[in-house]
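# Per-entry structural report
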Amino acid sequence: MIIRHLDQALTGHFSKYKEVLVLLGARQVGKTTILKRIFPDAHYLIVDNDPIKNALERYDPVVYKQLLGSNDGLVVLDEIQKISDPGRAAKIFYDQLSEYKLIITGSSAFNIKNKASESLAGRKIDYHLYPFSLSEYLVQNDLEDSLSLRPMEDLLKVEKPVEIIKQYDHKALLDNILTYGLYPAMQSHPRDSVYLTNLIDSVVFKDLVELSLLENKSAALSLLKLLAYQIGSLVNYAELASKLGIGARTVKRYIELFEQSFIIFTLKPYSTRKRDEIAKMPKVYFHDLGLRNALINNFEPIENRGDAGQIFENFIVSELLKYNYYGNFGYTFNYWRTKSGSEVDLVLSKPDRDLVAIEIKSKQQRVNQAFTTRYSKSRMVVISKDSYWV
(Lines give C-alpha, C1' and ligand atoms only; values in the text may rest on other atoms or scores of the structure.)
Protein backbone atom coordinates (compact mmCIF):
# COMPACT_ATOMS: atom_id res chain seq x y z
CA MET A 1 0.00 0.00 0.00
CA ILE A 2 1.32 3.44 -0.97
CA ILE A 3 1.37 5.88 1.95
CA ARG A 4 1.50 9.61 1.16
CA HIS A 5 2.06 12.75 3.21
CA LEU A 6 -1.41 14.01 2.20
CA ASP A 7 -3.25 10.99 3.64
CA GLN A 8 -4.24 12.61 6.92
CA ALA A 9 -5.34 15.93 5.41
CA LEU A 10 -7.50 14.24 2.76
CA THR A 11 -8.97 11.70 5.21
CA GLY A 12 -10.05 14.44 7.61
CA HIS A 13 -11.26 16.96 5.04
CA PHE A 14 -15.02 16.39 5.32
CA SER A 15 -14.94 16.22 9.11
CA LYS A 16 -13.53 19.79 9.08
CA TYR A 17 -15.02 21.35 5.95
CA LYS A 18 -18.18 21.25 3.87
CA GLU A 19 -16.31 22.81 0.93
CA VAL A 20 -15.36 20.93 -2.22
CA LEU A 21 -12.10 18.97 -1.94
CA VAL A 22 -9.92 19.90 -4.94
CA LEU A 23 -6.88 17.65 -5.53
CA LEU A 24 -4.39 19.08 -8.01
CA GLY A 25 -1.19 17.63 -9.42
CA ALA A 26 0.56 16.51 -12.59
CA ARG A 27 -0.61 13.43 -14.41
CA GLN A 28 0.76 10.17 -13.00
CA VAL A 29 1.56 11.49 -9.50
CA GLY A 30 -1.10 9.23 -7.95
CA LYS A 31 -4.17 11.44 -7.46
CA THR A 32 -6.72 8.77 -8.36
CA THR A 33 -4.77 6.10 -6.47
CA ILE A 34 -4.76 8.02 -3.19
CA LEU A 35 -8.46 8.92 -3.47
CA LYS A 36 -9.54 5.34 -4.22
CA ARG A 37 -7.58 4.13 -1.20
CA ILE A 38 -8.99 6.77 1.17
CA PHE A 39 -12.51 6.96 -0.30
CA PRO A 40 -13.12 3.46 -1.74
CA ASP A 41 -16.93 3.78 -1.63
CA ALA A 42 -17.19 7.10 -3.49
CA HIS A 43 -18.94 7.46 -6.85
CA TYR A 44 -16.13 7.92 -9.40
CA LEU A 45 -17.04 9.83 -12.56
CA ILE A 46 -14.10 9.64 -14.97
CA VAL A 47 -14.33 12.65 -17.27
CA ASP A 48 -12.13 10.90 -19.87
CA ASN A 49 -15.25 8.78 -20.51
CA ASP A 50 -17.29 10.51 -23.26
CA PRO A 51 -20.80 9.59 -22.01
CA ILE A 52 -19.91 10.94 -18.55
CA LYS A 53 -18.31 14.03 -20.06
CA ASN A 54 -21.39 14.68 -22.20
CA ALA A 55 -23.73 14.23 -19.24
CA LEU A 56 -21.73 16.60 -17.06
CA GLU A 57 -21.70 19.21 -19.82
CA ARG A 58 -25.50 19.42 -19.74
CA TYR A 59 -25.12 21.26 -16.42
CA ASP A 60 -28.44 19.91 -15.19
CA PRO A 61 -28.83 18.68 -11.57
CA VAL A 62 -31.53 16.19 -12.64
CA VAL A 63 -29.10 14.60 -15.11
CA TYR A 64 -26.39 14.52 -12.45
CA LYS A 65 -28.67 12.65 -10.03
CA GLN A 66 -29.58 10.15 -12.75
CA LEU A 67 -25.89 9.68 -13.53
CA LEU A 68 -25.14 8.79 -9.92
CA GLY A 69 -28.13 6.57 -9.31
CA SER A 70 -28.13 7.08 -5.54
CA ASN A 71 -29.38 9.58 -3.02
CA ASP A 72 -26.18 10.72 -1.34
CA GLY A 73 -22.51 10.01 -0.73
CA LEU A 74 -19.11 11.11 -1.97
CA VAL A 75 -18.67 11.99 -5.63
CA VAL A 76 -15.29 12.20 -7.36
CA LEU A 77 -15.06 14.07 -10.67
CA ASP A 78 -11.73 12.80 -11.99
CA GLU A 79 -9.75 15.07 -14.37
CA ILE A 80 -12.43 17.75 -14.34
CA GLN A 81 -10.42 20.06 -16.62
CA LYS A 82 -11.73 17.98 -19.54
CA ILE A 83 -15.18 19.59 -19.44
CA SER A 84 -15.84 23.03 -20.87
CA ASP A 85 -16.88 24.72 -17.60
CA PRO A 86 -15.66 22.71 -14.59
CA GLY A 87 -16.58 25.47 -12.15
CA ARG A 88 -20.20 25.48 -13.26
CA ALA A 89 -20.48 21.70 -12.82
CA ALA A 90 -18.92 21.82 -9.36
CA LYS A 91 -21.14 24.74 -8.36
CA ILE A 92 -24.28 22.76 -9.27
CA PHE A 93 -23.18 19.95 -6.95
CA TYR A 94 -22.34 22.35 -4.14
CA ASP A 95 -25.42 24.59 -4.38
CA GLN A 96 -28.16 22.29 -5.70
CA LEU A 97 -27.07 18.77 -4.76
CA SER A 98 -25.84 19.36 -1.22
CA GLU A 99 -26.57 15.75 -0.24
CA TYR A 100 -23.37 14.88 -2.13
CA LYS A 101 -19.87 15.67 -0.89
CA LEU A 102 -17.75 16.59 -3.86
CA ILE A 103 -14.13 15.81 -4.70
CA ILE A 104 -12.60 17.02 -7.94
CA THR A 105 -9.17 16.26 -9.40
CA GLY A 106 -7.27 18.01 -12.13
CA SER A 107 -3.85 17.88 -13.71
CA SER A 108 -4.14 21.30 -15.28
CA ALA A 109 -4.51 23.97 -12.64
CA PHE A 110 -4.82 26.72 -15.22
CA ASN A 111 -8.14 25.39 -16.52
CA ILE A 112 -9.59 24.81 -13.08
CA LYS A 113 -8.38 28.15 -11.77
CA ASN A 114 -9.38 30.20 -14.80
CA LYS A 115 -12.79 28.64 -15.26
CA ALA A 116 -13.65 27.55 -11.76
CA SER A 117 -12.17 30.03 -9.32
CA GLU A 118 -14.97 32.55 -9.69
CA SER A 119 -17.69 29.89 -9.59
CA LEU A 120 -16.14 28.15 -6.59
CA ALA A 121 -14.99 31.21 -4.65
CA GLY A 122 -15.39 30.32 -0.98
CA ARG A 123 -16.62 26.85 -1.90
CA LYS A 124 -13.39 24.85 -2.24
CA ILE A 125 -10.20 23.82 -0.44
CA ASP A 126 -7.19 23.04 -2.66
CA TYR A 127 -4.66 20.27 -2.02
CA HIS A 128 -1.54 19.61 -4.08
CA LEU A 129 0.00 16.19 -4.72
CA TYR A 130 3.58 16.02 -5.99
CA PRO A 131 5.75 13.13 -7.15
CA PHE A 132 7.10 11.10 -4.22
CA SER A 133 9.21 12.83 -1.63
CA LEU A 134 12.34 10.95 -0.60
CA SER A 135 10.55 10.01 2.62
CA GLU A 136 7.59 8.55 0.69
CA TYR A 137 10.00 6.65 -1.55
CA LEU A 138 11.82 5.14 1.44
CA VAL A 139 8.58 4.04 3.13
CA GLN A 140 7.23 2.61 -0.11
CA ASN A 141 10.41 0.55 -0.51
CA ASP A 142 10.32 -0.66 3.12
CA LEU A 143 13.53 1.22 3.96
CA GLU A 144 11.78 3.33 6.60
CA ASP A 145 8.76 2.57 8.78
CA SER A 146 7.05 5.96 8.77
CA LEU A 147 6.92 9.23 6.86
CA SER A 148 9.13 12.07 8.01
CA LEU A 149 9.35 15.84 7.58
CA ARG A 150 12.90 15.81 8.93
CA PRO A 151 14.57 17.89 6.17
CA MET A 152 12.44 20.96 6.95
CA GLU A 153 12.49 20.31 10.69
CA ASP A 154 16.30 20.12 10.69
CA LEU A 155 16.60 23.38 8.73
CA LEU A 156 14.58 25.22 11.34
CA LYS A 157 16.72 24.04 14.27
CA VAL A 158 19.51 26.33 15.36
CA GLU A 159 21.72 23.46 16.47
CA LYS A 160 23.41 21.26 13.89
CA PRO A 161 21.39 18.07 13.15
CA VAL A 162 22.91 14.79 14.25
CA GLU A 163 23.75 12.33 11.50
CA ILE A 164 21.78 9.08 11.64
CA ILE A 165 23.35 5.88 10.34
CA LYS A 166 21.13 4.00 7.90
CA GLN A 167 21.14 0.35 6.90
CA TYR A 168 20.79 1.13 3.19
CA ASP A 169 23.28 2.63 0.71
CA HIS A 170 22.24 6.28 0.94
CA LYS A 171 24.53 7.46 -1.88
CA ALA A 172 23.47 4.79 -4.39
CA LEU A 173 19.80 5.41 -3.61
CA LEU A 174 20.19 9.16 -4.00
CA ASP A 175 22.12 8.82 -7.27
CA ASN A 176 19.34 6.62 -8.68
CA ILE A 177 16.68 9.20 -7.74
CA LEU A 178 18.71 12.05 -9.23
CA THR A 179 18.76 10.13 -12.51
CA TYR A 180 15.30 8.53 -12.71
CA GLY A 181 13.19 10.76 -10.48
CA LEU A 182 10.35 10.05 -8.11
CA TYR A 183 7.23 9.43 -10.18
CA PRO A 184 5.27 6.67 -8.40
CA ALA A 185 5.16 4.61 -11.62
CA MET A 186 8.94 4.20 -11.43
CA GLN A 187 8.31 1.71 -8.63
CA SER A 188 7.12 -0.76 -11.25
CA HIS A 189 9.45 0.58 -13.99
CA PRO A 190 12.79 0.98 -12.17
CA ARG A 191 15.57 2.63 -14.18
CA ASP A 192 13.34 2.55 -17.27
CA SER A 193 14.44 5.47 -19.45
CA VAL A 194 12.09 4.43 -22.27
CA TYR A 195 9.09 4.66 -19.95
CA LEU A 196 10.16 8.12 -18.77
CA THR A 197 10.66 9.34 -22.32
CA ASN A 198 7.14 8.19 -23.20
CA LEU A 199 5.81 10.08 -20.18
CA ILE A 200 6.71 13.38 -21.84
CA ASP A 201 3.69 13.33 -24.14
CA SER A 202 1.23 11.98 -21.57
CA VAL A 203 2.38 14.08 -18.62
CA VAL A 204 3.52 17.29 -20.28
CA PHE A 205 1.51 17.78 -23.43
CA LYS A 206 -1.72 15.75 -23.25
CA ASP A 207 -3.83 18.39 -21.51
CA LEU A 208 -2.11 21.35 -23.12
CA VAL A 209 -2.80 20.02 -26.61
CA GLU A 210 -6.33 18.76 -25.87
CA LEU A 211 -7.27 22.14 -24.38
CA SER A 212 -5.81 23.96 -27.42
CA LEU A 213 -3.49 26.04 -25.27
CA LEU A 214 -0.37 25.56 -27.40
CA GLU A 215 -0.29 27.12 -30.85
CA ASN A 216 3.12 25.60 -31.55
CA LYS A 217 3.81 22.28 -29.84
CA SER A 218 7.25 21.99 -31.45
CA ALA A 219 8.36 25.37 -30.08
CA ALA A 220 6.87 24.51 -26.66
CA LEU A 221 8.86 21.25 -26.55
CA SER A 222 12.03 23.06 -27.60
CA LEU A 223 11.44 25.64 -24.87
CA LEU A 224 10.95 22.96 -22.24
CA LYS A 225 14.21 21.31 -23.33
CA LEU A 226 16.04 24.63 -23.03
CA LEU A 227 14.61 25.05 -19.53
CA ALA A 228 15.75 21.52 -18.69
CA TYR A 229 19.32 22.46 -19.62
CA GLN A 230 19.26 25.53 -17.38
CA ILE A 231 17.72 24.29 -14.13
CA GLY A 232 18.73 26.56 -11.28
CA SER A 233 19.59 29.35 -13.70
CA LEU A 234 17.95 32.71 -14.30
CA VAL A 235 15.19 32.76 -16.92
CA ASN A 236 15.69 35.44 -19.57
CA TYR A 237 12.51 35.53 -21.68
CA ALA A 238 14.04 37.65 -24.45
CA GLU A 239 17.06 35.35 -24.77
CA LEU A 240 14.89 32.22 -24.94
CA ALA A 241 12.60 33.89 -27.49
CA SER A 242 15.56 34.76 -29.67
CA LYS A 243 16.85 31.17 -29.60
CA LEU A 244 13.41 29.77 -30.50
CA GLY A 245 12.32 32.38 -33.01
CA ILE A 246 9.09 33.16 -31.15
CA GLY A 247 7.91 36.18 -29.16
CA ALA A 248 8.98 36.82 -25.58
CA ARG A 249 5.32 37.02 -24.55
CA THR A 250 4.75 33.54 -25.97
CA VAL A 251 7.77 32.22 -24.06
CA LYS A 252 6.45 33.71 -20.83
CA ARG A 253 2.95 32.29 -21.42
CA TYR A 254 4.27 28.81 -22.22
CA ILE A 255 6.41 28.85 -19.06
CA GLU A 256 3.33 29.82 -17.06
CA LEU A 257 1.42 26.92 -18.64
CA PHE A 258 4.21 24.47 -17.75
CA GLU A 259 4.19 25.81 -14.22
CA GLN A 260 0.40 25.58 -13.91
CA SER A 261 0.60 22.00 -15.25
CA PHE A 262 2.97 21.13 -12.36
CA ILE A 263 5.90 20.29 -14.65
CA ILE A 264 8.17 23.11 -13.53
CA PHE A 265 8.21 25.72 -10.79
CA THR A 266 9.99 29.04 -10.50
CA LEU A 267 11.61 30.92 -7.64
CA LYS A 268 11.48 34.69 -7.54
CA PRO A 269 14.44 36.65 -6.19
CA TYR A 270 14.61 37.78 -2.58
CA SER A 271 15.14 41.52 -2.57
CA THR A 272 14.62 44.44 -0.24
CA ARG A 273 14.98 46.79 -3.20
CA LYS A 274 18.68 47.38 -2.66
CA ARG A 275 20.10 48.72 -5.91
CA ASP A 276 22.58 45.90 -6.47
CA GLU A 277 20.09 43.03 -5.90
CA ILE A 278 18.45 41.22 -8.79
CA ALA A 279 14.73 41.82 -8.31
CA LYS A 280 12.84 40.40 -11.29
CA MET A 281 14.28 37.38 -13.12
CA PRO A 282 13.04 34.00 -11.84
CA LYS A 283 14.98 30.74 -11.58
CA VAL A 284 13.44 27.54 -12.94
CA TYR A 285 13.34 24.00 -11.56
CA PHE A 286 11.54 20.76 -12.47
CA HIS A 287 9.16 18.98 -10.12
CA ASP A 288 10.68 15.66 -11.24
CA LEU A 289 14.24 15.00 -12.35
CA GLY A 290 13.42 11.80 -14.22
CA LEU A 291 11.17 13.77 -16.55
CA ARG A 292 13.82 16.49 -16.84
CA ASN A 293 16.51 13.96 -17.77
CA ALA A 294 14.15 12.37 -20.30
CA LEU A 295 13.66 15.74 -21.99
CA ILE A 296 17.41 16.08 -22.60
CA ASN A 297 17.83 12.31 -23.16
CA ASN A 298 20.60 11.94 -20.59
CA PHE A 299 20.47 9.10 -18.09
CA GLU A 300 24.20 8.87 -17.52
CA PRO A 301 25.33 8.09 -13.95
CA ILE A 302 25.54 11.21 -11.81
CA GLU A 303 29.27 10.87 -11.17
CA ASN A 304 29.93 11.16 -14.93
CA ARG A 305 27.81 14.27 -15.53
CA GLY A 306 28.70 17.91 -15.92
CA ASP A 307 25.29 18.96 -14.61
CA ALA A 308 25.50 16.95 -11.36
CA GLY A 309 25.55 20.10 -9.22
CA GLN A 310 22.49 21.55 -10.97
CA ILE A 311 20.63 18.26 -10.58
CA PHE A 312 21.36 18.04 -6.86
CA GLU A 313 20.28 21.66 -6.36
CA ASN A 314 17.01 20.97 -8.21
CA PHE A 315 16.44 17.88 -6.07
CA ILE A 316 16.93 19.70 -2.76
CA VAL A 317 14.77 22.69 -3.70
CA SER A 318 11.92 20.46 -4.93
CA GLU A 319 12.22 18.21 -1.85
CA LEU A 320 12.04 21.12 0.57
CA LEU A 321 9.10 22.55 -1.39
CA LYS A 322 7.18 19.31 -0.77
CA TYR A 323 7.98 19.13 2.96
CA ASN A 324 7.19 22.83 3.42
CA TYR A 325 3.77 22.26 1.85
CA TYR A 326 2.91 18.89 3.38
CA GLY A 327 4.06 19.97 6.85
CA ASN A 328 2.31 23.34 6.59
CA PHE A 329 5.50 25.15 7.63
CA GLY A 330 4.44 28.27 5.74
CA TYR A 331 7.80 29.46 4.44
CA THR A 332 8.20 31.45 1.23
CA PHE A 333 10.94 30.21 -1.11
CA ASN A 334 13.22 32.62 -2.99
CA TYR A 335 16.79 32.82 -4.21
CA TRP A 336 19.18 35.77 -3.73
CA ARG A 337 21.72 37.21 -6.10
CA THR A 338 23.51 40.52 -6.53
CA LYS A 339 24.62 42.05 -9.80
CA SER A 340 28.23 41.48 -8.75
CA GLY A 341 27.65 37.72 -8.49
CA SER A 342 27.12 37.01 -4.78
CA GLU A 343 24.29 34.50 -4.42
CA VAL A 344 22.39 32.13 -2.19
CA ASP A 345 20.63 29.12 -3.75
CA LEU A 346 17.56 29.27 -1.52
CA VAL A 347 16.19 31.75 1.00
CA LEU A 348 13.36 30.69 3.33
CA SER A 349 11.36 33.55 4.83
CA LYS A 350 8.39 33.82 7.15
CA PRO A 351 7.00 36.79 9.10
CA ASP A 352 8.61 37.22 12.53
CA ARG A 353 11.17 34.50 11.86
CA ASP A 354 14.86 34.76 11.01
CA LEU A 355 15.75 34.20 7.37
CA VAL A 356 17.26 30.82 6.52
CA ALA A 357 19.84 31.05 3.72
CA ILE A 358 20.62 27.68 2.15
CA GLU A 359 23.62 26.84 0.03
CA ILE A 360 23.27 23.55 -1.85
CA LYS A 361 26.52 21.80 -2.71
CA SER A 362 27.06 18.37 -4.22
CA LYS A 363 30.11 18.21 -1.92
CA GLN A 364 31.18 20.21 1.15
CA GLN A 365 33.01 23.45 0.34
CA ARG A 366 33.35 27.01 1.58
CA VAL A 367 30.34 29.30 1.18
CA ASN A 368 29.96 33.02 0.60
CA GLN A 369 28.78 34.86 3.72
CA ALA A 370 27.62 37.99 1.83
CA PHE A 371 23.95 37.34 2.56
CA THR A 372 24.29 36.88 6.32
CA THR A 373 26.57 39.92 6.44
CA ARG A 374 23.90 42.01 4.74
CA TYR A 375 20.92 40.51 6.59
CA SER A 376 21.82 40.26 10.26
CA LYS A 377 18.64 38.36 11.16
CA SER A 378 19.58 35.36 9.06
CA ARG A 379 21.63 32.21 9.34
CA MET A 380 23.38 30.10 6.75
CA VAL A 381 22.84 26.36 6.27
CA VAL A 382 24.80 24.19 3.86
CA ILE A 383 23.18 21.07 2.41
CA SER A 384 25.36 18.53 0.67
CA LYS A 385 24.89 14.92 -0.41
CA ASP A 386 26.65 13.86 2.77
CA SER A 387 24.37 15.91 5.02
CA TYR A 388 20.94 15.33 3.43
CA TRP A 389 19.02 12.72 5.40
CA VAL A 390 15.37 11.89 5.90
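The paragraphs below set out a description of the structure included in this document.

Reading guide: rules and limits
Residues numbered from 1 in each chain as written. Predicted model: local features only at pLDDT ≥ 70, side-chain atom pairs only at ≥ 80, totals over all residues. Heavy atoms only, no water. Salt bridge = Lys/Arg side-chain N within 4 Å of Asp/Glu carboxyl O. Buried < 20%, exposed > 50% of the residue type's maximum accessible area, 1.4 Å probe, protein only. Axes fitted to C-alpha atoms, helices over the stretch in contact; angles between N-to-C directions. Helix = DSSP H or I, 4+ residues; strand = E, 2+ residues; numbered from the N terminus. Parallel < 35°, antiparallel > 145°, perpendicular 65-115°, else oblique. Left-handed = near helix turned anticlockwise from the far one by under 90°. Contact = heavy atoms within 4.5 Å. Nonpolar A, V, L, I, M, F, W, Y, C, P; charged D, E, K, R; others polar. Pairing = 2+ DSSP bridges.

Within this structure, the stated rule accounts for 22 salt bridges. For K124, the salt bridge identified is with D126, shortest N-O distance 3.1 Å. Among the ionic pairs, D154 bridges to K157, the shortest N-O distance being 3.5 Å. Taking the relative accessible area as the measure of exposure, D154 reaches 14% and is therefore buried. Under the relative-accessibility criterion, K157 is labelled partly exposed at 37%. Connected via shared salt-bridge partners are K91, D95 and R123.

This next bit is on the packing of helix α12 (residues 217–229) against helix α13 (residues 237–244). Contact geometry of α12 with α13 gives a least axis separation of 11 Å together with a crossing angle of 130°. It follows that α12 is oblique to α13 by the angle criterion. Crossing of α12 against α13: the hand is right-handed. Touching A219, S222, L223, L226 and L227 of α12 are L240, K243 and L244, all from α13. Within the contact of α12 with α13, the residues separate by chemical class into 6 nonpolar, 1 polar and 1 charged.

In a beta sheet, neighbouring strands pair by backbone hydrogen bonds and run either parallel or antiparallel. The parallel open sheet is built from 5 strands, whose spatial order is β2-β3-β4-β1-β5. Only two strands of the sheet have a single neighbouring strand rather than two, namely β2 (43–46) and β5 (124–128). Looking at each pair of strands side by side, their axes are set apart by 20° on average, direction ignored. Pairing of strand β1 (residues 20–24) with β5, which is carried by 5 bridges, proceeds in the parallel orientation. Its bridge partner being in β5, L21 is matched across the sheet by I125. In the packing of helix α6 (residues 86–96) onto the sheet, the strands contacted are β1, β3 (73–78) and β4 (100–106), and the crossing angle to β4 comes to about 165°.

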